[in-house]
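# Coordinate inspection notes
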Amino acid sequence: MADRLVVDGDELEHFMKLLNRSRDSLKSMRKALGDATTMGLGTDDLDWACTDFQDDWKYGTEQIGEQAEDLAKIINASKESYREVDKALEECLKEKGRSKAKRGGSGGAA
């Protein structure tokens, strides 16, 4: 069963970095778009449409950024949990091996 579950800590770390980079990129785009003026582009309808788009874009990218940050935190916690379980399992197996060796066990089925 253990051979079916493989967790690559380096890949999780890479994924977290990508999520954080994406969040930062969205933040930069929000700032650039927020600094752009939407008035005087054309008709009043166009100006208001651009303002509405800016507001929607700001809200949407803020939500995506927050969710990306939350996901990165969850992935980090999962990665740490997997490491703790892996370390505990390794220690347990070492202890079991030492116990068998003390009893003169051959390492066969338990």
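This report concerns the structure included in the present document. The model shown is predicted, which means the values in this text are computed figures rather than measured ones. (Residues numbered from 1 in each chain as written. Predicted model: local features only at pLDDT ≥ 70, side-chain atom pairs only at ≥ 80, totals over all residues. Heavy atoms only, no water.)

### Thoughts on helix α1 (residues 9-35)
What counts is decided by this rule: The way it works is that DSSP assigns letters per residue, a run of H or I at least four long becomes a helix, a run of E at least two long becomes a strand, and they are numbered from the N terminus. Given the number of residues in a helix, its expected span is that number minus one, multiplied by 1.5 Å. Only protein chains enter the accessibility calculation, which uses a 1.4 Å probe. A residue is then buried if its area is under 20% of the maximum for its type, exposed if over 50%, and partly exposed in between.
For α1, with 27 residues, the first-to-last C-alpha span of 39 Å sits near the 39 Å given by 1.5 Å per residue. Here α1 has its buried residues at Gly9, Met16, Leu19, Leu26 and Arg30.

### With respect to the environment of Gly65
To keep it simple, the criterion reads: Only heavy atoms matter for contacts: two residues are in contact if any of them lie within 4.5 Å across the pair.
With respect to the element layout, Gly65 can be found in helix α2 (residues 44-103). Note: C-alpha distance between Gly65 and Arg23 (42 residues apart in sequence) is 4.6 Å. Setting aside anything within four residues of it in sequence, one finds Gly65 in contact with Arg23 and Leu26.

### Digging into α2
In this model α2 runs 88 Å from its N-terminal to its C-terminal C-alpha over 60 residues, within 8% of the 88 Å that 1.5 Å per residue would give. Along α2, the residues that are buried comprise Asp47, Thr51, Gln54, Thr61, Gly65, Ala68, Ala72, Ile75, Lys79 and Lys100. Buried residues in α2 make contact with α1. Gly104 sits one or two positions beyond α2 and adopts a positive phi of about 80°.

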